[in-house]
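Notes for the structure review
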Amino acid sequence: PPPRGPPRLYSEIYYDVLSETTFEETSQTASDLLLAKVVDLTLLLHECGSGLPPQTALTGPQKVKLWHLTLNVSLEASPLLHRLSLRAVTRLTLLHFPSSETSQAVLTEILNRMVTEPFPFLELLNSVLPLLPLSSPLLPHLSTTGTRNLLKLSQSSSVAVQSWVLRCVGSMWRTTRTVMKLQFEILFTSLHLRLVKAGSLIALDALLDLIDEPGALGSVWASFDLDPQSSNLYGLIVSSVCGLVSSSADGSE
């Protein structure tokens, strides 16, 4: 527990200690113990700071710096500690949303780094997408950079990467489909339908998951097929799924 005294005192002490943390080569056991303590202190400081009066709470840049610190712990950690520290990073990421003060920096970092480091950044993106309100100023960045980078990652030969990309698109669809029509037309045709046509079962599962939701297919038909300037997405989805089922029944796949 934090020492007794003015909140400003212990928040400053914890922040000063953590902000000066650097990584050095030590034994793996010693590293794990140190990194686990860093994660604990970071979460404690962030959560204590969240409940303090504005004049004593952590600033936005300080919160982002602590988020980076915990992220570095996750990337440096042994497999044993990785899941623990990744959960802490996810928890800190969720604490930033929907606060506009720090969420811009956090989302930008996630979108920019997920192309070269799909893990853990795809998982982090999937965790924050349901928290984005339709009025969020982050949506334009998500619709451009996010869509482009998800399409890049969909070209990966890794089934795990493709699976997380499909999860992220599903989360985006559930949260922002009313304001990202063009992006979803691109994602469905260039991602889901392309992979389904190639025989990807995870893409088929992801697609069926989306259209199985109440009103989903009707929403697709009304938004795309009834719009003369859009593709007949409903028709493409139905024909792709039926074609795959038909070919499986014939024993051709």
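1. Some details on the packing of helix α6 (residues 118–128) against helix α8 (residues 159–176)
One can describe the packing of α6 onto α8 by two numbers: an axis separation of 9 Å at closest approach and a directional angle of 20°. By the angle between their axes, α6 is roughly parallel relative to α8. At the point where α6 passes α8, the crossing takes the left-handed sense. Across the interface between the two elements, P118, F119, L122, E123, L125 and N126 of α6 pack against A160, V161, W164, V165, R167, C168 and S171 of α8. Of the residues belonging to the contact of α6 with α8, the class tally is nine nonpolar, two polar and two charged.

2. Some points on the pattern of salt bridges
Applying the stated criterion across every chain, the model contains four salt bridges. With its nearest N and O atoms 3.0 Å apart, the salt bridge here joins E117 to R113. E117 sits in the partly exposed class, given a relative accessible area of 26%. For the salt bridge of R174 with E213, the shortest nitrogen-to-oxygen distance reads 2.5 Å. Of this pair, R174 sits in helix α8 while E213 is found in the loop between α10 (201–211) and α11 (216–225), placing the two residues 39 residues apart along the sequence. A relative accessible area of 43% means that R174 is categorised as partly exposed. Since its relative accessible area comes to 22%, E213 is described here as partly exposed. Connected via shared salt-bridge partners are E109, R113 and E117.

3. Some thoughts on the confidence of the model for the protein chain
Per-residue confidence for the protein chain averages 77 on the pLDDT scale, and 74% of its residues sit at or above 70. A low-confidence stretch, residues 5–9 (pLDDT under 50), is modelled with five contacts involving residues beyond four sequence positions or located in other chains.

4. Details of the nonpolar core
If you look at soluble globular proteins, the nonpolar side chains tend to sit buried side by side. Counting residues in each nonpolar core, the largest one holds 56 residues, and the members touching the most others are L122, L125 and L142. For this core, the element with the highest residue contribution is α8, accounting for eight residues. Aside from chain neighbours lying at most four places away, what touches L125 is L107, I110, L111, M114, L142 and C168.

5. Side note on empty space enclosed by the protein
All told, the structure shown has one cavity of 30 Å³ or more when counted by the stated rule. Approximately 40 Å³ is the volume found for the largest cavity. In terms of lining residues, the largest cavity is bounded by W173, F188, L210, I211, A216, L217, V220 and I237. Only α10 and α11 provide two or more residues apiece to the lining of the largest cavity. Broken down by element, the lining of the largest cavity gets its largest block of residues, three residues, from α11. Partitioning the lining of the largest cavity into residue classes produces eight nonpolar, no polar and no charged.

6. With respect to the side chain of S200
As for its placement among the helices and strands, S200 is situated in the loop between α9 (181–197) and α10. Residue classification places S200 among the buried residues on the basis of a relative accessible area of 13%. Among the polar contacts listed, one links the side chain of S200 to the backbone nitrogen of A203, at a separation of 3.2 Å. Apart from the residues lying within four places of it in its own chain, the contact partners of S200 are Q162 and L195.

Cut-off values and rules
- Residues numbered from 1 in each chain as written.
- Predicted model: local features only at pLDDT ≥ 70, side-chain atom pairs only at ≥ 80, totals over all residues.
- Heavy atoms only, no water.
- Axes fitted to C-alpha atoms, helices over the stretch in contact; angles between N-to-C directions.
- Helix = DSSP H or I, 4+ residues; strand = E, 2+ residues; numbered from the N terminus.
- Parallel < 35°, antiparallel > 145°, perpendicular 65-115°, else oblique.
- Left-handed = near helix turned anticlockwise from the far one by under 90°.
- Contact = heavy atoms within 4.5 Å.
- Nonpolar A, V, L, I, M, F, W, Y, C, P; charged D, E, K, R; others polar.
- Salt bridge = Lys/Arg side-chain N within 4 Å of Asp/Glu carboxyl O.
- Buried < 20%, exposed > 50% of the residue type's maximum accessible area, 1.4 Å probe, protein only.
- pLDDT = per-residue confidence, 0-100.
- Core = buried A, V, L, I, M, F, W, Y, C linked by side-chain atoms within 4.5 Å.
- 1 Å grid on protein atoms, 1.4 Å probe; cavity = no way out; pocket = protein on both sides within 12 Å on 5 of 7 lines; lining within 4 Å.
- Points joined across faces, edges and corners; volume = space filled by probe spheres on them.
- Polar contact = N/O pair within 3.5 Å; in protein donor to acceptor, adjacent residues only side chain to side chain.

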